[in-house]
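Below are the chains, spelled out letter by letter.
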Amino acid sequence: MIITKSEREINLMKEAGRVVALVFKTLEEKIHPGMTTLDIDSIVEKTMLDNNCIPAEKGYYGYPASACVSVNDTLIHGIPSSKIVIHEGDIVSVDIVATYKGYSADACRTYKVGTLTERANRIVDITKQAFFEAVKLVRPGAHIGDISEAIQKFVESHGYNVVREYTGHGIGSHMHEDPSIPNYGRSGTGPVISKGMALCIEPMVLEGRKDVRTLGDGWTVKSKDGKLTAHYENTVIVTEDGYEIITMYEGEE
Ligand code: MF3
Ligand code: CO
């Protein structure tokens, strides 16, 4: 069941989204070689708590941290650790959820640390562009499959693959609500989009084969072939005639 949100609920989600964006702005300035993924987690947690939000990932199905920090061949759900050091040339995705007065916003950025190889640079750019290709189609009357097809076509036309096992999703008073928003599919299929829906659109992209594996920690998802991966996500509210992205800061590219 897809739950559309009232104006009051959307305003609470916008405040959560503002704080998510503030975390990204803070990280943009602070991520540097030599820091650990646990250092990133601390910045995420402090920024959220300082701004009256709860880091919603902590404790979610037992997840132990405030952020998912996934480096290079880790696609999603990387558990922050003092043993994982970030190096020049790494691509580091930070996926976070803030909850304000019971309502959540969820987004992810893949950061480029220092000078990248052409390979690393390109997968990050394509993943982000895939989001913007898809979000353009969001408006009342469109189908979820329109988003899915746009992501898949864009990503595959550039020689990359989309993950099959994980999808975007609705969001609100729960981190994960209907509808599921796969990164692959066909336009004109799936649920019809309507005003007041809150959607997390999140291309998860693999440089090599589409297959992934989960580590023994039960969370960390890596590419099976060890090749690079990237992830980009925003929470989007469906408006009268289009959409509004609520997890970007002003001036963010
Ligand atoms: N933010 C993730 C998503 O896009 C969820 C992370 S799972 C958690 O759905 F356990 F870390 F919360
Ligand atoms: Co999400």
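Description of the structure in this document. (Residues numbered from 1 in each chain as written. Chains lettered and ligands numbered in written order. Predicted model: local features only at pLDDT ≥ 70, side-chain atom pairs only at ≥ 80, totals over all residues. Heavy atoms only, no water.)

**Topic: helix α4 (residues 144-157)**
Okay, so step 1: Between its terminal C-alpha atoms α4 stretches 20 Å, which fits the 20 Å expected from 14 residues at 1.5 Å a residue.
Okay, so step 2: Across the 14 residues that make up α4, a large majority, 11, are buried.
Okay, so step 3: Here α4 has its buried residues at Ile144, Gly145, Asp146, Ile147, Ser148, Glu149, Ala150, Ile151, Gln152, Phe154 and Val155.
Okay, so step 4: Looking at the buried residues of α4, the elements they touch are α3 (118-135), β6 (161-162), β8 (177-181), β9 (198-201) and β10 (204-206). (Helix = DSSP H or I, 4+ residues; strand = E, 2+ residues; numbered from the N terminus. Expected span 1.5 Å × (residues − 1). Buried < 20%, exposed > 50% of the residue type's maximum accessible area, 1.4 Å probe, protein only. Contact = heavy atoms within 4.5 Å.)

**As for helix α2 (residues 37-50)**
Within an α-helix, residues lying three or four positions from one another point in the same direction, as the helix has 3.6 residues per turn.
Okay, so step 1: Compared with an ideal rise of 1.5 Å per residue, which puts 14 residues at 20 Å, α2 spans 20 Å between its outermost C-alpha atoms and is within 8% of the ideal.
Okay, so step 2: Considered for burial, the residues of α2 that qualify are Thr37, Ile40, Asp41, Ile43, Val44, Thr47 and Met48. Across the axial projection of α2, the buried residues extend over an arc of 160°, all falling on one side. Every exposed residue of α2 that faces more than 90 degrees away from the buried side is listed here: Lys46 and Asp50.
Okay, so step 3: Against the buried residues of α2 lie α1 (7-30), β1 (54-55), β2 (68-71) and β4 (91-100).
Okay, so step 4: Looking at the residues trailing α2, positive phi occurs at Asn52, about 60°. (Arc of directions from axis to C-beta.)

**Comments concerning the coordination of the cobalt ion (ligand 2)**
Okay, so step 1: Coordination of the cobalt ion (ligand 2) by the protein involves Asp106 (OD), His169 (NE2), Glu202 (OE) and Glu233 (OE), with metal-donor separations of 2.0 to 2.8 Å.
Okay, so step 2: Exposure remark for Asp106: the relative accessible area of 3% places this residue in the buried category. (Donors = N, O, S within 2.8 Å, 3.2 Å for Na, K, Ca; no water.)

**Quick word on the sheet that holds strand β11 (residues 212-214)**
Okay, so step 1: Read across the open sheet, the three strands follow the order β3-β12-β11; overall the sheet is antiparallel. The sheet is open, and its two borders are formed by β3 (74-76) and β11, each paired with just one other strand. Each adjacent strand pair in this sheet contributes to an overall mean axis angle of 40°, direction not counted. (Pairing = 2+ DSSP bridges. Axes fitted to C-alpha atoms, helices over the stretch in contact; angles between N-to-C directions.)

**Brief notes about the site of ligand 1**
Okay, so step 1: Surveying the vicinity of ligand 1 reveals 14 residues, the closest of which are Glu57, Asp95, Asp106, His176 and Glu202.
Okay, so step 2: Taken by itself ligand 1 offers 340 Å² of open surface, and the protein chains cover 95% of this.
Okay, so step 3: Class assignment of the residues belonging to the shell around ligand 1 gives a composition of six nonpolar, three polar and five charged. (Near = heavy atom within 4 Å. Areas by Shrake-Rupley, 256 points an atom, 1.4 Å probe, with all protein chains shown as cover. Nonpolar A, V, L, I, M, F, W, Y, C, P; charged D, E, K, R; others polar.)

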